Amino acid sequence: MNAHNPTPLKGKPLDLQAQNETTRMAHEDTLLQPRFYTTDFDKLDAMDVSLVRAEWDALIASMASDPNKGHFKRNEEWDDINLDDVPEELRAELVDFLVSSLTAEFSGCVLYKETKRRGTNEDIKARFTYMSRDEARHAGFIKDSLKDFGIGVNLGFLTKAKKYTFFQPKFIFYATYLSEKIGYARYITIFRHFEKHPEKRFHPIFKWFKQWCNDEFSHGEAFSLLMRSDPKLLSGHNKLWIKFFLCAVYATMFVRDHARPEFHKAAGLDIEEYDMRVFEITNACTTQCFPLVLDIDNPAFLRTLRRLNEVAVKIGDADQQGGIAGALKKKALQAVAAASFVRLYLIPPKKNEIAEDSKMVPSW
Ligand SMILES: [Fe+2]
Ligand SMILES: [Fe+2]
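Predicted, not measured: the structure shown is a model, and the values here were computed from it.

### What about the overall build of the protein chain?
- When helices and strands are counted, the protein chain shows 13 helices and 4 strands.
- Compactness check: the protein chain gives a C-alpha radius of gyration of 20 Å against a globular reference of 21 Å for 364 residues, within 12% of the reference.
- Taking the principal axes of the C-alpha coordinates as reference, the protein chain spans close to 55 × 50 × 40 Å.
- Counting every position in the protein chain, which comprises 364 residues, the buried fraction comes to 39%.
- Restricting the contact set of the protein chain to residue pairs at least 6 apart, pairs at least 24 apart contribute 82%.

Here it is in structure tokens:
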């Protein structure tokens, strides 16, 4: 992905070609790109939260109070950086980071809004209204910061053109719950890192991550309650699905982060250390509802992720090579990647006794 372009000065009209290219980046459907989802909305709407009523109502009340209203605006904390001073490779990876975050935020916004629009169940509607409100703010804030690079992402176009992956509600719960919690863990880890090393903070958007990640945390809380309202989603053969989603989400993040070496170098973050910290926090969060956690301390865990990443890099090279030889190489490498994924999946997980209460405090 090469979406960098000479950085125009601030205030210059949006470069149409850059806009198209960046929208294309966000539109690209690869296994690693954030996806757009659709689901069986009637089934989702039929969820009954009586089993978690007290916690549900408390969470809805706190979302209704809108603690982050007004946070997603530029203020005196925003430092105007000269993007021409940012080395080209770092700029490209920063844009890639922003576009992929924007796609993820916006994908949540679209799904949540649609759930609310089609819903009749007041519990579900209220919750999805607040979540889509938050995601729209997050997406809008990133979209604005991309404008500084002279690029725009056409969100209306994305809504129409992006391919939607259909998932049954329970798979939406596993995938979205995890993406909210891992999103929290990523944002808070980056924020804490720059708190210690402000001289490394190469873009002002990171200053906004603390309150931002609290939104993601509370979205995750809502999905935890939703799953806990139907305990069979968290037991029996569904444990196998939960493990599958944990492996898929962790592996995707590991590979995606390794594709941004300059970004992490500039931040002074060791990618593996950072990812392991994010897994640790996500694991701690998921004890609120998942009956198992991945054993990230098992040496085979990191070893297998490294292997998966090596194969992913080679798949990228084969793609670049193109032609029949490239295509054949890619097929063979995909088989190796699948085998490595199975290896990851087969690492025995750690059993977790699901806590009495779902509620967790974002203490990281
Ligand atoms: Fe978000
Ligand atoms: Fe979120």
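### Here's the deal with the confidence of the model for the protein chain
- Taken residue by residue, the protein chain gives an average pLDDT of 90. The fraction at 70 or more is 92%.
- With pLDDT under 50 throughout, residues 1-16 is counted as low confidence; its partners more than four residues away or in other chains account for 30 contacts.

### What to know about the environment of Tyr-37
- Its place among the elements puts Tyr-37 in strand 1 (residues 36-39).
- On a C-alpha basis, the gap between Tyr-37 and Lys-200 in space is 36 Å, while along the polypeptide they are 163 residues apart.
- Aside from chain neighbours lying at most four places away, what touches Tyr-37 is Ser-107, Leu-111, Tyr-164, Thr-165, Phe-167 and Ile-172.

### Comments concerning the nonpolar core
- Counting 78 residues, the largest nonpolar core has Tyr-250 and Ala-251 as its most contacted members.
- Of the residues forming this core, the biggest block, 12 residues, is contributed by helix 7 (residues 169-196).
- With sequence-adjacent residues up to four places away left out, Ala-251 is seen in contact with Leu-305, Leu-308, Phe-341 and Leu-344.

### A word on the packing of helix 9 (residues 238-258) against helix 11 (residues 271-286)
- Relative orientation of the contacting elements helix 9 and helix 11 amounts to 155°, with a least axis distance of 10 Å. Compared by their axis directions, helix 9 and helix 11 come out roughly antiparallel. Helix-helix and strand crossings are classified by hand; for helix 9 and helix 11 the assignment is right-handed. Contacts between helix 9 and helix 11 involve Tyr-250, Met-253, Phe-254, Asp-257 and His-258 on the former and, on the latter, Ile-271, Asp-275 and Phe-279.
- Split by residue class, the contact of helix 9 with helix 11 holds 5 nonpolar, 1 polar and 2 charged.

### Examining the environment of Phe-149
- Counting through the fold element by element, Phe-149 comes out in the loop between helix 5 (122-147) and helix 6 (155-161).
- Classification of Phe-149 by C-beta neighbours within 10 Å gives buried; the count is 23.
- Expressed as a C-alpha distance, the spacing of Phe-149 and Leu-83, which sit 66 residues apart in the sequence, is 7.2 Å.

### Observations concerning unusual backbone geometry
- The backbone of Asp-66 sits at a positive phi, close to 55°, despite the residue not being glycine.
- Within the secondary structure layout, Asp-66 lies in the loop between helix 3 (53-64) and helix 4 (88-118).
- Accessibility expressed as a C-beta count within 10 Å gives 12 for Asp-66, which makes it exposed.

The rules behind each value
- Residues numbered from 1 in each chain as written.
- Chains lettered and ligands numbered in written order.
- Predicted model: local features only at pLDDT ≥ 70, side-chain atom pairs only at ≥ 80, totals over all residues.
- Helix = DSSP H or I, 4+ residues; strand = E, 2+ residues; numbered from the N terminus.
- Rg over C-alpha atoms; globule rule 2.2 N^0.38 Å.
- Buried ≥ 20, exposed ≤ 12 C-beta atoms within 10 Å, placed from the backbone.
- Contact = placed C-beta atoms within 7 Å.
- pLDDT = per-residue confidence, 0-100.
- Core = buried A, V, L, I, M, F, W, Y, C linked by C-beta atoms within 7 Å.
- Axes fitted to C-alpha atoms, helices over the stretch in contact; angles between N-to-C directions.
- Parallel < 35°, antiparallel > 145°, perpendicular 65-115°, else oblique.
- Left-handed = near helix turned anticlockwise from the far one by under 90°.
- Nonpolar A, V, L, I, M, F, W, Y, C, P; charged D, E, K, R; others polar.

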